[in-house]
Amino acid sequence: MVSARLLVLSLFSVSLVGSQPTESSQQVSSPPAHPAGEPSLSIDNLSFPWSRLRLPKYIIPLHYHLLLHPNLTSLSFTGSVQIQIDVQNNTNWVVLHSKGLQISKATILDQNLAHLSDQVLPVLHNPSHEQIGIFSPRVLSSGQKYFLYIEFGAELAEGFYGFYKSTYRTSTGETRTLASTHFEPTSARLAFPCFDEPSFKANFSVRIRRPPEYISLSNMPVVSVAYVPVVTNVQMNTKQNKTKQKTLQLSFCGFQIKTVEVSGGLLEDQFAPSVQMSTYLVAFVICDFKSVTGTTSSGVQVSIYAAPEKWQQTHYALEVAVKMLDFYEEFFNIRYPLPKQDLIAIPDFQSGAMENWGLTTYRETSLLYDPLTSSVSDKLWVTMVIGHELAHQWFGNLVTMEWWNDIWLNEGFARYMEYISVEATYPDLKVEEYLLHTCFAAVGHDSLNSSRPISSPAENPTQIKEMFDTVSYDKGACVLHMLRHFLTDEVFQRGIVRYLRKYSYKNAHNQDLWDSLANTCSEEDFISGKHCYSSSQASKNAYLFAGEHLNLTAMMNTWTLQKGIPLVTVTRKGARLLLRQDRFLRTVLPSDPQWSTLQKGFLWHIPLTYKTDSSSTIHRHLMTSPTDSIHIGEEASWVKVNSDMTGYYMVHYEDGGWDVMTKLLRENHTALSYKDRTHLIHNAFQLVTAGHLPLNKALDLIGYLLLETHTVPLLQGLGYLEAFYHLVEKRDESVLTHNLGAYILQFFRAVIDQQTWSDSGTVSERRLRTEVLSLACHLDDPPCVKRARQHFSDWLQSNGTLNLPTDVAETVYSVGAQDDHGWASLLHTYKISLSEAHKHKILYALTSSKDTSKLEGLLELGLEGKVIRSQDLSTLILMVARNPKGHYLAWNFVKKNWDTLVQKFQLGSFCIRNIIIGTTNQFSSPEELTEVQSFFESIKEQASQLRATQIALDNVLKNVRWVQRNLETLRKWLSEQMQ
């Protein structure tokens, strides 16, 4: 291991130029105490000096020395922070972020650690901007460095942001407490005063005090460094400082660890100084967890932490994390810059995971894998989430967006790298089959008028939280996928490596990515020998695409700076293909008066691809005008545009074009790839919603599925029929509901009967089994229900000890939950299970009950947060909402408890967004639309801040119009099919 350690240390000294703390920023003694009894400066004549939401740029933090002492008994914490700052304008004020912290002391020292004032400095608060201002009677001079020292304290937060408490129950019923952090996007200020904006990168040296029965973790390892005794005035309890300290020496990753014992039996862990990073990436956890550890090929120590009784569920994550880090180091050709990477499963966690540098935090369902109760979908999820967070160690951590308007540079890349990394490291998981659905999700959002550009303004915390949405993640990933196929894999990979190298430990904008991909840079960079050449040579490097020169920036601005997705309408005219592009909208029809207004000003540079039956070549064409045409030859009998949906655009085949596609699928569907077949199904039904295609045409198209053997197009077609069923079963349409259910069972009879109640087969086969049997039992298919009841009976007789096949467990439990005894047994198992994946399946089953009193009881348990954790409340609400018996129940619950929900999850969070959209997306009547509008009007002050409310209204309007246009067509078509 010596060579591995030397490799890491060499990386620190060579690769991280500019990222390490300078000599002057090394930890110093705490400031000498003010003379006793010195008065504080008066704040009577002072007003807050800064009026903007974003901090002034003329004070730059360089290095934070942070000491924290959380008390897991009183559920509070105290701390101090010493920030070395670089002043670039003369000023008397230091303005930084703080929220909910009690500031007990603030002072400023010069580089010699001398106080600038012999009085305690006044601290002014601006709560609406979450800022504090510290006044110095002596001017801070431009070009000088100073130390800002602040003592503070607060309660551990109750929610999921800042420095918050979490608990878990052991199998014996004991409740244990831990403390963890989640700072992204704007919550570091809840844990310590800081310059809480992504561009203020700095080094962080962290010390944490803890009882000996706990461990503490942070971004960096605990290391052996010269310990500077703590001066009494730093501490909240001065008596503790007089106690003799002991040092415990351990070994970690080749470093010597030093833990200092302080008074009262407390231990103090000192962590190595971090690399330069943004405040939202700082993390610390104090817990009693256990871990499993491995090492990458380059010597990075990887550890997975979980509650002690869940330790056995950590081994798969360790395997994945080690593989992923090795893959990313090779793919990016940049070494992971830290000596360790910890991954920890936090019992209470709102999002899926968080990429804190060196200490990534996860929901338990996103990290833990139990072979006995986790399904293949659970396994894929864990793999993809780890791939996402570890991609962030480069995209987001090493190179960070300048401001939150470009968060897609973090999240879009990380989402896309999930697919690239998992495909490379776990090809058997067939992750490429899921990328289409990521893009379909993006289309669903982007085809509403309430969508937004990928790069959008966001200033206050609520607006910033809302940026973490489908557009940033899914559309961002799909646009990158399109760009990769456009530029070729090699050019794309070289470009992103160039981007990562050039902006390491810095911040970047959209334009910086385009420049890196086009291999252009400034004259200064060219002269200095960087990995690019001058902008004057850029035209020589324009990519040749179908014989056309490319302005990459102009092209990509059409995808990132305007909202929406283009619809390319294709018309065959002899040897030519006529093309027209419009904005694709599902809420406004071409015949509507506002259509032309909503189309105005939209134009994309679309990298078209197409294939015909007359050639095996995938042809390319860059469409940059509203109309265009291409020559395909008279001999081509069909043309499929957007090959494998590598492009982010919709396609409509006019003048009988869809009839040609339907005929092709029925006569020779394998002439198209499974991705092309899936893409055709998706486009057809989306065009129905948008009013471009009659419903019966789309339904005729999927008639070929009787011949389909690939899981992805099968599930795509089945998914639309299932969606229609869920829509009509929530309306007073009993005959239509019955007929549609009967048709689905009849049409997919062979597929249903082929399924085994086991965990055998490929990942694709197992996914099909789960989906098909779940729907069949929901439709009360007698053979399915009978088999599920038998499995559930066996499970009951085993007293819950029988492990059901994971692929069908959720379906079995859902059938079993329909009687009182089965439901009660499942709830009992939910309470005691140590597998979160297992509990998720049981919760789904519990919410499938037709007994509304049971559903109401579950919602109350979720609100209480004990049996069903608060982190799962939003999921619970959506599960109840999908149940026809719980449809209005969930909506009324949200209305009644709105203020409580906002308090729990914060306005703008993805949980609030999912609750708003998820409880309304099955409404389909004008009365329901009015009801939703009325509620949003009643919370106007909050609703006006949220884009999610407009998305919800757009979705309901879309449903209303779909029903008005298509319900009778569906009724008639089903009648014809059932004859």
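Every value quoted in this text rests on a predicted model; they were computed, and no experiment measured them. Per chain, the residues get numbers from 1 upward, laid out in the order the sequence is written. Residue-level local features of this predicted model are given only where pLDDT is at least 70; pairs of side-chain atoms are given and counted only at 80 or more, and the full residue set underlies all totals for whole chains, interfaces and linings. In computing side-chain values, all of the structure's heavy atoms are included and hydrogens and water are not.

(A) The arrangement of the sheet that holds strand β28 (residues 576–583) in detail. Any two strands with at least two DSSP-identified bridges between them are counted as paired. The helix count covers DSSP runs of H or I at least four residues long, the strand count covers runs of E at least two residues long, and both are numbered beginning at the N terminus. An order of β31-β28-β27-β33 is seen for the four strands of this open sheet, with the pairing classed as mixed. Looking at which strands have only one partner, the edges of the open sheet turn out to be β31 (627–631) and β33 (650–653). Neighbour-to-neighbour, the strand axes of this sheet turn through a mean angle of 25 degrees, independent of strand direction. Pairing of strand β27 (residues 566–573) with β33 involves four bridges; the strand directions are parallel. Residue valine 570 lies in a different strand from β33, and its bridge partner there is tyrosine 653. Axis geometry follows a simple rule: fit a line to the C-alpha atoms, using only the stretch in contact for helices, then measure angles between N-to-C directions, giving values from 0 to 180 degrees.

(B) Spotlight on the UniProt feature "binding site: Zn(2+)" (unreviewed entry) in the chain. UniProt positions are given in the numbering used here, feature names are shortened, and annotations may be inferred rather than shown by experiment. When the UniProt feature table is mapped onto this chain numbering, "binding site: Zn(2+)" (unreviewed entry) sits at His388, His392 and Glu411. For the annotated residues, spread through 24 residues, the largest C-alpha to C-alpha distance comes to 8.5 Å, consistent with a single compact locus. Within the secondary structure, histidine 392 is located in helix α4 (residues 376–392). Between two residues, a contact is recorded if the distance between any of their heavy atoms is within 4.5 Å. Excluding residues that lie within four positions of it along the chain, histidine 392 makes contacts with Glu355, Asn397, Asn410, Glu411 and Ala414. By secondary structure assignment, the location of glutamate 411 is in helix α5 (residues 408–425). Once residues lying within four places of it in the same chain are set aside, the contact partners of glutamate 411 are Glu184, Glu355, His388, His392, Phe468, Ser472 and Tyr473.

(C) Expanded view of the layout of surface pockets. Of the grid points, spaced at 1 Å and generated over the protein atoms alone, those admitting a 1.4 Å probe that cannot get out make up cavities, while open sets with protein on both sides within 12 Å along at least five of seven lines make up pockets; any residue with an atom within 4 Å of a point is treated as lining. Grid points are joined across faces, edges and corners, and a volume is the space filled by probe spheres set on the points. In this model, the second largest pocket occupies a volume close to 1200 Å³. Taken together, 44 residues make up the lining of the second largest pocket; nearest its centre are Thr167, Asp348, Gly865, Arg869 and Ser870. By residue number, the principal contributor to the lining of the second largest pocket is strand β8 (residues 162–169), which donates seven residues. Taken domain by domain, the lining of the second largest pocket gets at least three of its residues from each of domain 1 (57–225 + 256–288) and domain 2 (289–530 + 538–560). Note that the domain bounds reflect an automated or database-derived domain assignment.

(D) Focus on the environment of arginine 501. For arginine 501, the position within the fold is in helix α9 (residues 489–502). The exposure class assigned to arginine 501 is partly exposed, which follows from its relative accessible area of 37%. Here the alpha-carbon distance between arginine 501 and asparagine 333, two residues 168 residues apart in the chain, equals 9.3 Å. N or O atoms within 3.5 Å of each other form a polar contact, as long as, within protein, one can give a hydrogen and the other can take it, and as long as residues adjacent in sequence are counted only when both atoms are side-chain atoms. A distance of 2.5 Å separates the side chain of arginine 501 from the backbone oxygen of asparagine 333, its partner in a polar contact. Only protein chains enter the accessibility calculation, which uses a 1.4 Å probe; a residue whose area is less than 20% of its type maximum is buried, one above 50% is exposed, and one in between is partly exposed.

(E) Structural detail: α9. With 14 residues, α9 ought to run about 20 Å at 1.5 Å a step, and its terminal C-alpha atoms sit 20 Å apart, in line with that. Phe492, Gly495, Ile496, Val497, Arg498, Tyr499 and Leu500 are the residues of α9 that are buried. In this fold, the buried residues of α9 make contact with α2 (315–332), β21 (399–401), α5, α8 (470–487), β22 (506–508) and α10 (510–518). The span you would expect from a helix comes to 1.5 Å times its residue count less one.

(F) Layout of the pairing of strand β3 (residues 91–97). Within β3, six of the seven residues are buried, which leaves the element mostly enclosed by the surrounding structure. As paired strands, β3 and strand β6 (residues 131–140) are joined by six bridges and run antiparallel to one another. Bridge pairing in β6 links tryptophan 93 to phenylalanine 135.

(G) Quick look at the nonpolar core. Take the buried residues of types Ala, Val, Leu, Ile, Met, Phe, Trp, Tyr and Cys, join any two whose side-chain atoms come within 4.5 Å, and each joined set is a nonpolar core. Counting 311 residues, the largest nonpolar core has Ile134, Phe192, Phe195, Phe332, Ile386, Val641 and Phe748 as its most contacted members. Contact partners of phenylalanine 748, with chain neighbours within four places excluded, come to Leu705, Leu714, Leu718 and Leu721.

(H) The arrangement of the packing of aromatic side chains in detail. Geometry of aromatic contacts follows a simple scheme: Phe, Tyr and Trp rings, the Trp one being its six-membered ring, pair when their centres are within 6.5 Å, and the pair is stacked under 30 degrees between planes, edge-to-face over 60, tilted otherwise. Following the criterion strictly, the structure yields 48 aromatic pairs and no others. For the pair tyrosine 168 and phenylalanine 289, a centre-to-centre distance of 5.9 Å together with 70 degrees between the ring planes defines the contact as edge-to-face. Taken together, the residues span a long stretch of sequence, with tyrosine 168 in strand β8 and phenylalanine 289 in the loop between β15 (284–287) and β16 (290–295) at a distance of 121 residues. Exposure class is identical for tyrosine 168 and phenylalanine 289. Each is buried. Each residue in the set Phe327, Tyr328, Phe331, Phe332, Tyr336, Trp394, Phe395, Phe413, Tyr416, Phe492, Tyr499 and Tyr503 is aromatic and connected to the rest through ring pairs, giving one cluster. Over the face of the ring belonging to tyrosine 830 we find lysine 839, whose NZ or CZ atom lies 4.8 Å from the ring centre. Either the NZ atom of lysine or the CZ atom of arginine qualifies as a charge over a ring when it sits within 6 Å of the ring centre and within 35 degrees of the ring normal.

(I) Geometry of the packing of α5 against α8. Packing of α5 against α8 leaves a shortest axis separation of 7 Å and a crossing angle of 65 degrees. When the axis of α5 is compared with that of α8, the two are roughly perpendicular. The chirality of how α5 crosses α8 is right-handed. Packed against α5, whose contacting residues are Trp408, Glu411, Gly412, Phe413, Arg415, Tyr416 and Ile420, the element α8 presents Ser472, Tyr473, Asp474, Gly476, Ala477, Leu480, His481 and Arg484 at the interface. Classifying every residue of the contact of α5 with α8 by side-chain character gives seven nonpolar, four polar and four charged. Each angle gets one of four labels, with under 35 degrees taken as roughly parallel, over 145 as roughly antiparallel, 65 to 115 as roughly perpendicular, and the rest as oblique. Throughout, a crossing is termed right-handed when the near helix is turned clockwise from the far one, and left-handed when it is turned anticlockwise from it by less than a right angle. When residues are sorted by character, Ala, Val, Leu, Ile, Met, Phe, Trp, Tyr, Cys and Pro go into the nonpolar class, Asp, Glu, Lys and Arg into the charged class, and all the rest, Gly among them, into the polar class.

(J) How the structure looks around the state of the cysteines. In plain terms, two cysteine sulfur atoms within 2.5 Å form what is called a disulfide here. Throughout the structure, instances matching the rule amount to two disulfides. The partner cysteine of cysteine 439 in its disulfide is cysteine 478, sulfur to sulfur 2.1 Å. As the torsion about the S-S bond is roughly -110 degrees, the cysteine 439-cysteine 478 disulfide counts as left-handed. Of the two residues, cysteine 439 is situated in helix α6 (residues 432–446) and cysteine 478 in helix α8; the sequence distance between them amounts to 39 residues.

(K) Geometry of the sheet that holds strand β30 (residues 615–623). Taken in spatial order, the three strands line up as β30-β29-β32 in an open sheet, and their pairing is antiparallel. Since the sheet does not close on itself, it has two edges, and those belong to β30 and β32 (639–641), each with one partner. If you compare each strand with its neighbour and ignore which way they point, the axes differ by 25 degrees on average. Judged from the three bridges that link them, strand β29 (residues 606–612) and β32 form a sheet pairing that is antiparallel. Along β32, the bridge assignment pairs lysine 611 with lysine 640.

(L) Geometry of helix α28 (residues 898–905). The set of residues buried in α28 consists of Trp898, Leu901, Val902 and Phe905. Seen end-on, α28 carries its buried residues on one side only, within an arc spanning 100 degrees. In α28, those exposed residues whose orientation departs by more than 90 degrees from the buried face are Asp899 and Gln903. Tucked inside the fold, the buried residues of α28 contact α26 (873–882), α27 (887–896), α29 (910–918), α30 (926–938) and α31 (940–943). The reported arc concerns the directions from the helix axis to the C-beta atoms and nothing else.

(M) Summary view of the pattern of salt bridges. Salt bridge, as used here, is a side-chain nitrogen of Lys or Arg placed within 4 Å of a carboxyl oxygen of Asp or Glu. Inspection of the entire model under this criterion finds 44 salt bridges. Lysine 310 is the partner of glutamate 836 in a salt bridge, and the nearest nitrogen-oxygen pair spans 3.6 Å. With glutamate 836 in helix α24 (residues 836–846) and lysine 310 in the loop between β17 (301–306) and α2, this residue pair connects regions lying 526 residues apart in the sequence. Given the relative accessible area of 10%, lysine 310 is considered buried. A cluster of three or more residues bridged by salt bridges with shared partners is formed by Lys99, Glu130, Arg189 and Asp196.

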